[in-house]
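Listed below are the residues making up each chain.
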Amino acid sequence: NAGVTQTPKFRILKIGQSMTLQCAQDMNHNYMYWYRQDPGMGLKLIYYSVGAGITDKGEVPNGYNVSRSTTEDFPLRLELAAPSQTSVYFCASSYSLVNEKLFFGSGTQLSVL
Amino acid sequence: AQSVTQPDIHITVSEGASLELRCNYSYGATPYLFWYVQSPGQGLQLLLKYFSGDTLVQGIKGFEAEFKRSQSSFNLRKPSVHWSDAAEYFCAVAAGGGFKTIFGAGTRLFVKA
């Protein structure tokens, strides 16, 4: 079982560059999420989606964009990378919104220099 | 607003000793409570969850947690720690009707021989 797959695992960007973090799940989950993890801060929700074509902002959406054209894929776009976006990014999915566990990908370590 | 506090940034335990990781939450009603574990370079994996009923919850890998409403706590315990338990542990809370799972800052567990 693949579960939640994230690519790439590591990336270094220069300030102002753009990139897309890929996320795919094969569990037919409607709900998908993007979190960022900063040292000592836990995980913060960036964006989430409740199904294809439906997305909404989380706690820290500034500087990011998402799309959800299919149930399986939920890419995260950084348009103008800034040093403050240096972080570890996790994609997750769940069967339902609240009372089910989250399935996580293995993360993308992003450095913006 | 809901919040999660993990008072201990890191804890060191000898192999074979017992373990207790603390978690306090802030929420008006009974939330959904989770403990996740993150091994180095990996995503988060669910250890256990509490929704209702018996306040002592059993999870995977020999972990258990106890919900104490009067103390707004959901502490994680294990009677005998193994070296493979060295990881970071996150307590999380999800409020009914909402989409957000809020994570604590995490407690890193070190296991010494």
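Residues numbered from 1 in each chain as written. Chains lettered and ligands numbered in written order. Predicted model: local features only at pLDDT ≥ 70, side-chain atom pairs only at ≥ 80, totals over all residues. Heavy atoms only, no water.

**Looking at the overall build of chain A**
Next, step 1: The number of helices and strands found in chain A is zero helices and eleven strands.
Next, step 2: Across chain A, helices and strands are ordered from the amino to the carboxyl terminus as β-β-β-β-β-β-β-β-β-β-β.
Next, step 3: The C-alpha radius of gyration computed for chain A amounts to 13 Å, which stays within 12% of the reference 13 Å derived for 113 residues, consistent with globular compactness.
Next, step 4: With respect to the three principal axes, the spread of C-alpha positions in chain A is 35 × 30 × 25 Å.
Next, step 5: With 113 residues in all, chain A has 47% of them scored as buried.
Next, step 6: Considering only intrachain contacts with a sequence separation of at least 6, the fraction spanning at least 24 residues in chain A is 55%.
Next, step 7: Surface exposure of chain A reaches about 5300 Å², of which carbon and sulfur atoms provide 51%. (Helix = DSSP H or I, 4+ residues; strand = E, 2+ residues; numbered from the N terminus. Rg over C-alpha atoms; globule rule 2.2 N^0.38 Å. Buried < 20%, exposed > 50% of the residue type's maximum accessible area, 1.4 Å probe, protein only. Contact = heavy atoms within 4.5 Å. Areas by Shrake-Rupley, 256 points an atom, 1.4 Å probe, with all protein chains shown as cover.)

**Describing unusual backbone geometry**
Next, step 1: Omega for the bond connecting T7(A) with P8(A) falls within 30 degrees of zero, at -5 degrees, which places this linkage in the cis form.
Next, step 2: Looking at the secondary structure, you find P8(A) in the loop between β1 (4–7) and β2 (10–13).
Next, step 3: For N28(A), which is not glycine, the phi torsion reads 60 degrees and is therefore positive.
Next, step 4: Tracing the backbone through its elements, the reader meets N28(A) in the loop between β3 (19–25) and β4 (31–37).
Next, step 5: Under the relative-accessibility criterion, N28(A) is labelled exposed at 57%.
Next, step 6: Of note, S72(B) is a non-glycine position whose phi angle comes to about 50 degrees, a positive value.
Next, step 7: Relative to the helices and strands, S72(B) resides in the loop between β8 (64–68) and β9 (73–78).
Next, step 8: A relative accessible area of 27% places S72(B) in the partly exposed class.

**Considerations on the interface of chain A and chain B**
Next, step 1: With 21 residues of chain A in contact, the opposing surface of chain B contributes 24 residues.
Next, step 2: Taken together, the two surfaces of chain A and chain B that pack against each other cover about 1700 Å², and 63% of this comes from carbon and sulfur.
Next, step 3: Applying the counting criterion to the chain A and chain B interface returns zero salt bridges.
Next, step 4: Taken together, the links from chain A to chain B amount to three residue pairs in polar contact (both at pLDDT 80 or more).
Next, step 5: Secondary structure elements with two or more residues in the side of chain A that touches chain B: β4 and β5 (43–51) of chain A. (Buried area = accessible area lost by both parts, 1.4 Å probe. Salt bridge = Lys/Arg side-chain N within 4 Å of Asp/Glu carboxyl O. Polar contact = N/O pair within 3.5 Å; in protein donor to acceptor, adjacent residues only side chain to side chain.)

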